[in-house]
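The primary structure of each chain is shown beneath.
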Amino acid sequence: MSIDVYVPRDSGALSLGAEAVAKAIAAEAAARDVDLRIIRNGSRGMFWLEPLVEVATAAGRVAYGPVTAADVPSLFDAGFHTGGEHRLALGVTGELPFLKSQQRLTFQRVGIVDPVSVSDYVTHGGYQGLRQALSMSQADIVQAVLDSGLRGRGGAAFPTGIKWKTVLDQQVPQKYVTCNADEGDSGTFADRMLMEGDPLTLVEGLTIAGLAVGATQGYIYLRCEYPHAYQVLKEAIAAAYQARYLGADVMGSGRRFDLEVRLGAGAYVCGEETSMLESLEGKRGEIRVRPPLPAIKGLFGQPTIVNNVITLASVPIILSKGAAFYRDFGTGKSRGTLPIQLAGNIKQGGLVERAFGLTLKELLYEYGGGSASGRAIRTVQVGGPLGAYIPASQFDVAVDYESLSAIGALLGHGGIVVFDDTIDMAKMARYAMEFCAIESCGKCTPCRIGSTRGVEVMDRIIAGVDTERNLQLLEELCETMLQGSLCGLGGMTPFPVTSALKHFAEDFRSRARH
Amino acid sequence: MVATLRTRPGALLEILHGVQTELGFIPPAAVPVLAQELNLSRAEVHGVVTFYHYFRHSAPGRHTVRVCQAEACQSMGAEQLTEHVKKSLGVDFHETTADGRFTLEPVYCLGNCACSPALMRDEDLFGRVTPARFDELMAEWQRDS
């Protein structure tokens, strides 16, 4: 009987040589006349073990990693294809401590299924949410999303159900559902992993959203830095059309939903929803002044849902298992689970999906195993380039919307970038300003000019020139950007700058005068 | 290409992607043609081409190397890697090597933040790229071409 061997096609695994491993396994199997089938799955999210090769055995899926192409002959010698012992053997994948303690709802199939197989998706519980939704009224679907407590996972954390209800209430013939897959924050890769590992969950979420609000057209706006995700999405969407889960007659219901992927072109600001809509319309990705909200006047002037990948991918399980099931995870006003990304200088980087409420300390040391360099962790930046730097003295904070907000930080898209004690925080503050200057859409002055002035001021501070006066100037500049910018890019760039200054003033003040 | 895509809503970005995939960049001469075909002003088309970092205005080398500059990669030595790559190729960002083989570009996040530092050559992604690893990759790329 044929043996199933899993070698990820996730970008992270590919970046560490998964393609060569897959080819070596195929060649070695042919040479040894071993009957095996290689399935290109997503990643389990344990990147220090990638490329992670799994084999289906009677005891369940067992893992080997990190595997290089050079290890493949010895793996065959050890009989890995029947679960044989080898120095890279890790045991049953699901029993690995990093995975076993997680609560994977949104990521339940990522790394497990063949991402472009509809039948594999259905076998693993896929399309039950859509089936349920088709038996419900539009208002009831929206109510279920509202009751689940789901909030936008892209960063703004707006209640998803309220957005949907606003679109549902608009009485116009043409509405749109759009997915913001412009995952530009450094330290985040949950969207990418989901799109590469279980894209049909996103497709199902979008289809449910379309049914709920009466939209027949959906768009996924994907950043062009993700060519592998683009390929997987295209294959998955084609497979969904083929199996009639998309198109004129979704699951034989007589309802239409069409979906396509559009590529961005390297502009961070297009992750802001109105800028994304401009870009989808084929224009410069300049932000729009709100109101009107996109839910009332969005894509091509029509009512439009704009949701992040993880938000939409959380919808199928809310429909299939019920709003209460999802809501019962989490704490306070942070309901459900959060896919957290451990990134940067961390020993065990990867994806941790747990109910809200875990502390930074647990994430960094129990899951992450401390820094990759072995040095002390000095700070983490949570929530991307616009997120605050949090010092080690505050690592007891719980990772949820309210707790982070209480210490002047933000959750954003759930990415945590780890820095050891060699980091120069004045340079990171300068970088925050520089990034804003590079990525500003140019529409408003505080962002466009303020960021450039910010780089200049930071250059003087770093050079030790007139430090106190320039620090004063920096604080005033940050205040202007915070209050006067039209969107989060200019309005939040002060967060990393002022948090670095507040917690690590010594990096700013101790500069030798040149 | 314009003929097949022009009727699609918001077609300009898709068409520009198509032009760049085909030619490697957006030639200035394409701007008036696209403006006419899509019933837009030249300024509008030029504005879109110049807004996005990805669209190029001149021909690139045979391969484009993009080195991530964002925070996660910085925490793992992206700065040293960048210096090393610039020195190895003998070019700065936005420049092409004299032999026309490589164009070097910065990029702000490749979504490979648990395997930092990262770089991309054309559409191939590489993680945990130390300067020594980059030298190995260069040797492989030399052999391939």
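Trainee: Any chance you could explain the sheet that holds strand β14 (residues 377–382) of chain A here in plain terms?
Mentor: To summarise the sheet geometry, strands pair through backbone hydrogen bonds and adopt either a parallel or an antiparallel arrangement. All names here are of chain A. Read across the open sheet, the five strands follow the order β13-β12-β16-β14-β15; overall the sheet is mixed. Unpaired on one side and paired on the other, β13 (350–355) and β15 (389–391) mark the two borders of the sheet. Along the sheet, successive strands turn relative to each other by an average axial angle of 30 degrees, direction set aside. Across six bridges, the pairing between strand β12 (residues 337–344) and β13 is antiparallel. Counterpart to P339 in the pairing with β13 is E353. Relative to the sheet, helix α22 (residues 494–503) contacts β14 and β15, its axis offset from that of β15 by approximately 20 degrees.

Trainee: Looking at this structure, I do not really get the domain arrangement of chain A. What am I missing?
Mentor: In many analyses, interface size is given as the accessible surface area lost on bringing the parts together. All names here are of chain A. Domain parsing of chain A yields domain 1 (3–100), domain 2 (118–326), domain 3 (329–420) and domain 4 (425–509). Computed from C-alpha atoms alone, the centre-to-centre distance between domain 2 and domain 4 is 34 Å. Domain 2 puts nine residues into the contact, and the matching count from domain 4 is seven residues. Per-class residue counts for the side of domain 2 that touches domain 4 are five nonpolar, two polar and two charged.

Trainee: Would you explain the pairing of strand β6 (residues 176–181) of chain A in this entry?
Mentor: Two faces belong to every sheet, and in a regular strand the side chains alternate between them. Residue and element names in this part refer to chain A. The buried fraction of β6 is high, at six of six residues. Neither face of β6 is exposed, since Y176, T178 and N180 on one face and V177, C179 and A181 on the opposite face are all buried. Direction of pairing for β6 relative to strand β7 (residues 217–222): parallel, over a ladder of six bridges. Within β7, the residue paired with V177 across the bridge is G218. Bridge count between β6 and strand β9 (residues 304–308): five bridges; the pairing is parallel. The residue bridging N180 from the neighbouring strand is N308, located in β9.

Trainee: Looking at this structure, I do not really get the sheet that holds strand β5 (residues 89–92) of chain A. What am I missing?
Mentor: All names here are of chain A. The strand order across the open sheet built from five strands is β2-β1-β3-β4-β5, with neighbouring strands paired in mixed fashion. With partners counted over all chains shown, the strands left at the sheet margins are β2 (36–39) and β5, one partner each. Taken over all neighbouring pairs, the strand axes of this sheet differ in orientation by 25 degrees on average, direction set aside. Sheet topology places strand β1 (residues 3–6) next to β2; four bridges connect them, and they run parallel. Bridge assignment links D4 to a residue of β2, and that residue is R37.

Trainee: Just checking my understanding: could you explain unusual backbone geometry for this structure?
Mentor: Phi is mostly negative for residues that are not glycine, and the peptide bonds are mostly trans. Looking along the chain, the bond that leaves R290(A) and enters P291(A) is cis, with omega of -5 degrees. Residue placement: P291(A) occurs in the loop between α12 (273–280) and β9. The omega angle of the peptide bond from S116(B) to P117(B) is -10 degrees, so this bond is cis rather than trans. Even without a glycine there, the phi angle at R244(A) is positive, about 65 degrees. Relative to the helices and strands, R244(A) resides in the loop between α11 (227–242) and β8 (258–263). Positive phi outside glycine occurs at D466(A), with the angle close to 50 degrees. Looking at the element boundaries, D466(A) is found in the loop between α19 (445–462) and α20 (467–484). For D466(A), a count of 13 C-beta atoms within 10 Å corresponds to the partly exposed category.

Parameters at a glance
- Residue numbers here run from 1 along each chain, matching the order of that chain's written sequence.
- Here chains are named by letter from A upward and ligands by number from 1 upward, in the order in which they appear as written.
- The model is predicted, so local features are restricted to residues of pLDDT at least 70 and side-chain atom pairs to those at 80 or more, both for listing and for counting; the totals for chains, interfaces and linings are taken over all residues.
- At least two bridges found by DSSP between two strands are what make those strands a pair.
- Each helix is a run of H or I in the DSSP string that is no shorter than four residues. Each strand is a run of E no shorter than two, and both are numbered from the N terminus.
- Angular values range over 0 to 180 degrees, each being the angle between N-to-C directions of two axes fitted as lines to C-alpha atoms, with helices fitted over their stretch in contact.
- Contact criterion: two residues are in contact if their C-beta atoms, reconstructed from the backbone, are within 7 Å.
- These domain boundaries are the output of an automatic or database domain assignment.
- When residues are grouped by polarity, Ala, Val, Leu, Ile, Met, Phe, Trp, Tyr, Cys and Pro land in nonpolar, Asp, Glu, Lys and Arg in charged, and all others, Gly among them, in polar.
- Here a residue counts as buried when 20 or more other C-beta atoms sit within 10 Å of its C-beta, as exposed when there are 12 or fewer, and as partly exposed otherwise, the C-beta atoms being derived from the backbone.

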